[in-house]
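If you want the building blocks of each chain, they are given just below.
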Amino acid sequence: MASTSDRVKVLENFGLPSGMAEVLEKEDRKVGMRIFILDNSGSTSSSDGLHVPKLKPGDVSVQAQSCSRWEEIKRMAIDQAELNAQTQTPCKFFLLNPKQGSNWNNLTAGQDFCEINPHRGNLQDQVQAVRQMVDNSGPDGGTPLAKCIEAVGKLIKDDMESILEKDKRGYLVLVTDGLPDTGKDQMVTEIRKLCVAYELFVVVRLCTAEQNVVDYYNKVDEEVEFSLDVLCNLEAEAREIKAVNPWLSYFPELHAIREGGTNLRLLDLLDERPFTGDETAKFIQMIMHCKGDNPMPGWREVDKYMQALNELDRRRPKVYNPCDRTMKSMVDMEEVRKALTASL
């Protein structure tokens, strides 16, 4: 198994600042498994998807690219497979519409589902299997979310019972662009069964901006009693965050961490309300402060704090800002000052 320092290095290489990599590595040690359900229904052929290429060494800019919703789902799945393989966090990927048809008792590994597990073979081969599975699939069929969740619950039973015995948590990530075929109640019932049985945290990653779909899942989020986080694509999520915390450049790596599920509360709160002064300073410390940096002044000494933050900013690389589709500082200095001053 990878050491703590190795896992931190993986997260740093992924694009996270060292302070945030250390916090997330500690949180990720509590994760026993991530389960992804990938919507490959016919509607995912729509061409309103979004992809932001990864920055390579030496790149100073990057441009978002339009693509199909299925291509967006594919790329997310591959990115999550690669990241979880490198951090050696077990995860499973299930196609919403398996090629075997409606017989969920007869799924084929590598065709209908794949797993990343350091105890079950070569990790790079497992990542390649995920890549091949999504490459060989495509938009077709309906959106049988309730039926799929019910079947997945049976298939992960042994894994989840083992995870609970180790006092770890699991995440269920629904990557979808549509409403369930059988209505909200049945889907919520099946999710609730898993949450009660296995204490799962749920992420719904929407690959559409259709308002009726967004409203539907936000309504589910408001009504259910279990932990559920609804995310849109990178640009839509960045706009929501900018509306309440305009000081942050919501860069793609932050979005990827939220897509896979995290228990880091500040990440969940980003799009819900303005941060307090304490929360703003804590988040900035996490994304910008590195080992060897001088301690930051208390944020209530706003002028001293901003002077130190400007110095940090000069030493940090620019990140991709989805709202402007340009490379910018991780934080907007003027907006940080406003946020801190408003909390005094």
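See above for the structure.
Notes on the structure follow. (Residues numbered from 1 in each chain as written. Predicted model: local features only at pLDDT ≥ 70, side-chain atom pairs only at ≥ 80, totals over all residues. Heavy atoms only, no water.)

### Considerations on the packing of helix α7 (residues 184-198) against helix α8 (residues 211-223)
Here is the rule: Angular values range over 0 to 180 degrees, each being the angle between N-to-C directions of two axes fitted as lines to C-alpha atoms, with helices fitted over their stretch in contact. Only DSSP runs of H or I covering at least 4 residues are called helices, and only runs of E covering at least 2 are called strands; the numbering of each starts at the N terminus. Should an angle fall under 35 degrees it is taken as roughly parallel, and over 145 as roughly antiparallel, whereas 65 to 115 is taken as roughly perpendicular and any remaining angle as oblique. For any helix crossing, the convention is left-handed if the near helix is rotated counterclockwise from the far helix by under a right angle, and right-handed if that rotation is clockwise. The criterion used for residue contact is that any of the two residues' heavy atoms lie within 4.5 Å. Polarity classes work like this: nonpolar for Ala, Val, Leu, Ile, Met, Phe, Trp, Tyr, Cys and Pro, charged for Asp, Glu, Lys and Arg, and polar for all others, with Gly in that last group.
As a packed pair, α7 and α8 sit with axes 12 Å apart at the nearest point and diverge in direction by 50 degrees. It follows that α7 is oblique to α8 by the angle criterion. Like other packed secondary-structure pairs, α7 and α8 cross with a definite hand, here right-handed. Along the contact surface, α7 presents Lys184, Met187 and Val188, while α8 presents Tyr216, Tyr217, Lys219, Val220 and Glu223. Along the lines of polarity and charge, the residues of the contact of α7 with α8 split into 5 nonpolar, no polar and 3 charged.

### Brief notes about the packing of aromatic side chains
When we look at a pair of aromatic rings, we describe it by the centre distance and by the angle of the planes. Just so we agree on the cut-off: Note on aromatic pairs: the rings of Phe, Tyr and Trp (six-membered ring only in Trp) are paired at centre separations within 6.5 Å, and the planes decide the class, stacked below 30 degrees, edge-to-face beyond 60, tilted for the rest. Each residue's exposure class comes from its accessible area (1.4 Å probe, protein chains only) as a fraction of the maximum for that residue type: buried when under 20%, exposed when over 50%, partly exposed otherwise.
Counted under the stated rule, the structure contains 7 aromatic pairs. Pairing Trp247 with Phe283 gives two aromatic rings, centres 6.0 Å apart and planes at 70 degrees, and the pair type is edge-to-face. In this pair, Trp247 is assigned in the loop between α9 (234-244) and α10 (252-259) and Phe283 in helix α12 (residues 277-288), connecting sequence segments 36 residues apart. A residue is classified by how much of its surface remains accessible, and Trp247, at 2% relative accessible area, is buried.

### Concerning the sheet that holds strand β8 (residues 228-231)
For clarity, the threshold we go by: At least two bridges found by DSSP between two strands is the condition for calling them paired.
Spatial strand order, β5-β4-β1-β6-β7-β8: 6 strands in an open sheet with mixed pairing. With partners counted over all chains shown, the strands left at the sheet margins are β5 (113-116) and β8, one partner each. Mean inter-strand twist for the sheet, computed between neighbouring axes without regard to direction, equals 15 degrees. Relative to strand β4 (residues 91-95), strand β1 (residues 31-38) is paired through 5 bridges, and the arrangement is parallel. Bridging from a neighbouring strand, Arg34 pairs with Cys91 of β4. In this fold α8 packs onto β6 (169-176), β7 (201-206) and β8, with an angle of close to 165 degrees to the strand it touches most, β8.

### As for the side chain of Thr280
Residue placement: Thr280 occurs in helix α12. Looking at Thr280, the relative accessible area reads 0%, which means it is buried. Residues in contact with Thr280, not counting those within four places in the same chain, are Trp247, Phe275, Ala339 and Leu340.

### Considering the nonpolar core
What counts is decided by this rule: Residues belong to a common nonpolar core when they are buried Ala, Val, Leu, Ile, Met, Phe, Trp, Tyr or Cys residues joined through side-chain atoms within 4.5 Å.
Counting residues in each nonpolar core, the largest one holds 49 residues, and the members touching the most others are Trp247, Leu267, Phe283, Tyr305, Leu309, Val331 and Val336. If you tally residues by element for this core, the top one is α12, at 6 residues. Beyond its immediate chain neighbours, meaning those up to four positions away, Phe283 contacts Trp247, Leu248, Leu254, Leu266, Leu267, Leu270 and Phe275. Counting residues in hydrophobic clusters, the runner-up holds 39 residues, among them Leu145, Ala146, Val213 and Val230.

### Some points on the pairing of β5
Judged by which residues are buried, β5 turns out to be one-sided: Cys114 and Ile116 face inward and are buried, whereas Phe113 and Glu115, on the alternate face, are not. In the sheet, β4 pairs with β5 via 4 bridges, with the strands oriented antiparallel. Counterpart to Lys92 in the pairing with β5 is Glu115.

### Considerations on helix α14 (residues 333-342)
As a reminder, the rule being used: Directions drawn from the helix axis to the C-beta atoms are what define this arc.
Listed in full, the buried residues belonging to α14 are Met333, Val336, Ala339 and Leu340. Taken around the axis of α14, the buried residues stretch over an arc of 120 degrees, which confines them to a single face. Facing away from the buried side of α14 by more than 90 degrees, the exposed set consists of Glu334 and Ala342. Looking at the packing, one finds that the buried side of α14 touches α12 and α13 (302-314).

### Some points on the pattern of salt bridges
Heads up, the condition is: Each salt bridge in this description consists of a side-chain nitrogen of Lys or Arg and a carboxyl oxygen of Asp or Glu lying within 4 Å of one another.
Using the criterion set out here, one finds 37 salt bridges in the structure. Between Glu279 and Arg273 there is a salt bridge whose closest N-O contact spans 2.8 Å. Among the charged side chains, a salt-bridge network with shared partners connects Arg7, Glu25, Asp28, Arg29 and Arg34.

### Things to note about the packing of α12 against α13
Packing of α12 against α13 leaves a shortest axis separation of 11 Å and a crossing angle of 25 degrees. For the element pair α12 / α13, the angle class is roughly parallel. Two packed elements cross with a definite hand, and for α12 against α13 that hand is left-handed. Where α12 abuts α13, its residues Ala281, Ile284 and Met288 lie against Tyr305, Leu309, Leu312 and Asp313. Across the contact of α12 with α13, the residue classes tally to 6 nonpolar, no polar and 1 charged.

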